[in-house]
Amino acid sequence: MKDTIKKHIINARGCRLNKRLIVFESDDWGAIRIPNNKIREELLKKGLLKQNDPFSRYDTLETSEDYEALFTVLKKHKDKNGQNPIITANFILNNPDFEKIKNDNFQDYFAERFTSTYKKIKASQDAFQVLEQGINQNLIKPQFHGSEHLNVVRWMNYLKSGDERFHSAFNNDCFAIDESSVQNRRHNLMATYDCNNEEEFAFTKKSIQSGLNQFQDVFGFNSLTSIAPCYVWDNRIEQEMFDSKVTAFQGSFLQNYPIAGKPFKKIYHYNGQKNNLKQFYFIRNGLFEPSINSNIDWVSKCMESIEIAFKWGKPAIIGTHRINFVGQMDEKRRTENLEMFDQLLFRITQKWKDIQFLSSDNLLKYY
């Protein structure tokens, strides 16, 4: 009951579109997390990961097969206009170039595009070609998640200082380990825009500009929406995005606003809300996250979220991380998740004959 009431509250504010629109938003595509199960076990033994953390258990770089399996499910379903469900895939454009950083004795940061990371992993070598096919078939629409899914300045400072934990992970081509020190407001370094000082912000500002330029170069179009990693950003980030033509922010109803030396300030948003720059906030009012918690009936939970959104005249914006659709760490889990997703899409199209599937950037025209 408490969860249901919360859903009504999230949807209550803002104008009503009174159209049955469904958007699926999925984060972390292109980013490395845990390279493979062997490295995960090694990091677990050293106490650098939590055993029960689902992102450390399942999240890894996507493969050609991951894309193909997801597209197969999407092609089975259509809305009233004949449009398949479409995944708004929020991409990280770069991963650390571990070899170059090491050869430079950890003095400077070097990055490689996610397309180059694909080429280094056998199962992902053709992934970009399969992704392009999905884009052309209107099954997946990339948007900008960030240049890196990492606070680069903070990470490099740990490496320069000789921190044993981060060097141990680094030697395994990994940075996504636990970090719970007092000066870190999260339990890792994944919050890209969590800036405590001008050095961190200066790097962040430059990375947004270069990352969005790379996005256009890779995909051939501009990203009109973006989502801040870990929902952490401030007004300066919004200005930088505005200057690069980003007109809407995806996210949770709750923004983590960083203030140096203090806990995050909590700011609440609603669908269709505008900031001072006239950028929109698009709020996820439903979730499909079976890899994060396997004890929930995600199909029924998501159907309830969609129904409540429609009752309030709002689009149903469903958050579903990449972790649910990748299988290098656990192929069985991916298969089970896709079966649930298939069931969800079937129930949606059976219950609401007038729905429309949209990507996040196309939702803009309705606002």
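Preceding this section is the structure that the text describes.
Residues numbered from 1 in each chain as written. Predicted model: local features only at pLDDT ≥ 70, side-chain atom pairs only at ≥ 80, totals over all residues. Heavy atoms only, no water.

Student: What exactly am I supposed to notice about the overall build of the chain here?
Tutor: Counting its regular elements, the chain contains 14 helices and 13 strands. Rg of the C-alpha trace for the chain: 20 Å, near the compact-globule value of 21 Å for 367 residues, within the 12% margin. Its C-alpha atoms give the chain principal-axis dimensions of about 60 × 45 × 40 Å. Split into buried and exposed, the 367 residues of the chain put 59% on the buried side. A separation of at least 24 residues holds for 75% of the contacts in the chain among residues at least 6 apart in sequence. When the accessible surface of the chain is totalled, it reaches about 15800 Å², and 47% of it is carbon and sulfur. Positive and negative side-chain charges of the chain, numbering 51 and 46 respectively, have mean locations separated by a distance of 7 Å. (Helix = DSSP H or I, 4+ residues; strand = E, 2+ residues; numbered from the N terminus. Rg over C-alpha atoms; globule rule 2.2 N^0.38 Å. Buried < 20%, exposed > 50% of the residue type's maximum accessible area, 1.4 Å probe, protein only. Contact = heavy atoms within 4.5 Å. Areas by Shrake-Rupley, 256 points an atom, 1.4 Å probe, with all protein chains shown as cover. Lys, Arg positive; Asp, Glu negative; His and termini not counted. Charge placed at Lys NZ, Arg CZ, Asp CG, Glu CD.)

Student: Sorry, what's going on with the pattern of salt bridges here?
Tutor: Pairs can form between side chains of opposite charge once their charged atoms are near each other. Under the defined criterion, the tally for this structure stands at 28 salt bridges. Of the charged contacts, one joins E336 and K332 as a salt bridge, the two residues approaching to 2.5 Å between their closest N and O atoms. Residue E336 and its partner K332 are both found in helix α13 (residues 331-351); the two are separated by four residues, about one turn of the helix. Note on E336: relative accessible area 27%, which makes it partly exposed. Within the structure, one salt-bridge network assembled from shared partners comprises D3, K7, K301 and E304. (Salt bridge = Lys/Arg side-chain N within 4 Å of Asp/Glu carboxyl O.)

Student: How do you make sense of the pairing of strand β12 (residues 316-319) when you look at a structure like this?
Tutor: Both faces of the sheet carry side chains from a regular strand, because those side chains alternate between them. Here β12 shows two buried faces, one formed by A316 and I318 and the other by I317 and G319. Where strand β1 (residues 21-29) and β12 come together, four bridges link them in parallel fashion. Among the inter-strand pairings, V23 is bridged to a residue of β12, identified as I317. Two strands pair when backbone bridges link them, and strand β11 (residues 286-287) and β12 are joined in this way by two bridges, in the parallel orientation. (Pairing = 2+ DSSP bridges.)

Student: Just checking my understanding: could you explain empty space enclosed by the protein for this structure?
Tutor: Left-over empty space is what a probe sized like a water molecule reveals as it rolls over the atoms. Scanning the model with the defined rule gives one cavity of 30 Å³ or more in all. Reported here for the largest cavity is a volume of approximately 70 Å³. Forming the boundary of the largest cavity are E148, L150, N151, V152, V153, T192, C195, E200, F203, T204 and S207. If you list the elements that add at least two residues to the lining of the largest cavity, you get α8 (152-160) and α10 (198-219). Per-element accounting of the lining of the largest cavity gives the leading share, four residues, to α10. Residues that form the lining of the largest cavity fall into these classes: five nonpolar, four polar and two charged. (1 Å grid on protein atoms, 1.4 Å probe; cavity = no way out; pocket = protein on both sides within 12 Å on 5 of 7 lines; lining within 4 Å. Points joined across faces, edges and corners; volume = space filled by probe spheres on them. Nonpolar A, V, L, I, M, F, W, Y, C, P; charged D, E, K, R; others polar.)

Student: In this structure, what is going on with α10? I would like to understand it.
Tutor: Every α-helical turn comprises 3.6 residues, leaving residues that sit three or four positions apart pointing alike. With 22 residues, α10 should cover 32 Å at 1.5 Å per step; its first-to-last C-alpha distance of 31 Å lies within 8% of that length. All buried positions along α10 are accounted for by E200, F201, T204, S207, I208, G211, L212, Q214, F215, V218 and F219. Mapping the buried residues of α10 onto a view down its axis gives an arc of 160°, with all of them on the same face. For α10, the exposed residues set more than 90 degrees away from the buried face come down to E198, K206, N213 and D217. Between the side-chain oxygen of the N-cap and the backbone nitrogen of E199 there are 3.1 Å, and the N-cap of α10 in question is N197. The first or second residue beyond α10 is G220, which carries a positive phi of 85°. (Expected span 1.5 Å × (residues − 1). Arc of directions from axis to C-beta. Polar contact = N/O pair within 3.5 Å; in protein donor to acceptor, adjacent residues only side chain to side chain.)

Student: What's the story with the state of the cysteines in this structure? I'm lost.
Tutor: As used here, a disulfide is simply a covalent bond connecting the sulfur atoms of two cysteines. Taken as a whole and assessed by the stated rule, the structure comprises zero disulfides. The thiol of C174 is unpaired, and the distance to the nearest cysteine sulfur, on C230, comes to 14 Å. Overall, the relative accessible area of 1% leaves C174 in the buried class. (Disulfide = S-S within 2.5 Å.)

Student: So what exactly am I meant to see when it comes to the side chain of R33 here?
Tutor: If you trace the backbone, R33 turns up in the loop between β1 and α2 (37-45). For the buried R33, no salt bridge is present, and the opposite-charge side chain at shortest range is D53, 4.2 Å distant. Each residue touching R33, except ones within four places of it in the same chain, is listed here: D53, F55, D59, C174, A176, N188, M190 and R322.

Student: Help me out: how do you make sense of the packing of α10 against helix α11 (residues 235-243) in this one?
Tutor: At a minimum axis separation of 10 Å, α10 and α11 run at an interaxial angle of 25°. For the element pair α10 / α11, the angle class is roughly parallel. Once α10 is placed against α11, the crossing between them reads as right-handed. Between α10 and α11, the contacting residues are E198, F201, T204, K205, I208, Q209 and L212 on the first element and R236, I237, E240 and M241 on the second. Partitioned by chemical class, the residues of the contact of α10 with α11 number five nonpolar, two polar and four charged. (Axes fitted to C-alpha atoms, helices over the stretch in contact; angles between N-to-C directions. Parallel < 35°, antiparallel > 145°, perpendicular 65-115°, else oblique. Left-handed = near helix turned anticlockwise from the far one by under 90°.)

Student: Is there a simple way to explain the pairing of strand β5 (residues 140-146) in this structure?
Tutor: Of all seven residues in β5, seven are buried; the element is thus mostly enclosed. The sheet contact formed by strand β2 (residues 87-92) and β5 spans six bridges and is parallel. Residue pairing across strands places A89 opposite P142, the latter belonging to β5.

Student: When you look at the packing of aromatic side chains in this model, what are you seeing that I'm missing?
Tutor: For any pair of aromatic rings, geometry is given as the distance between the ring centres together with the angle between the planes. A complete count under the given rule lists 30 aromatic pairs for this structure. With a centroid separation of 6.0 Å and 10° between ring planes, the pair formed by W233 and F249 is classed as stacked. Of this pair, W233 sits in the loop between β6 (225-226) and α11 while F249 sits in strand β7 (residues 248-251), placing them 16 residues apart in sequence. When the ring centre of F201 is taken as origin, the NZ or CZ atom of R236, which lies over that ring, is 3.9 Å away. Seen from the ring of Y257, K265 lies directly overhead, with NZ or CZ sitting 6.0 Å from the centre. (Phe/Tyr/Trp six-rings, centres within 6.5 Å; stacked < 30°, edge-to-face > 60°. Lys NZ or Arg CZ within 6 Å of the ring centre and 35° of its normal.)

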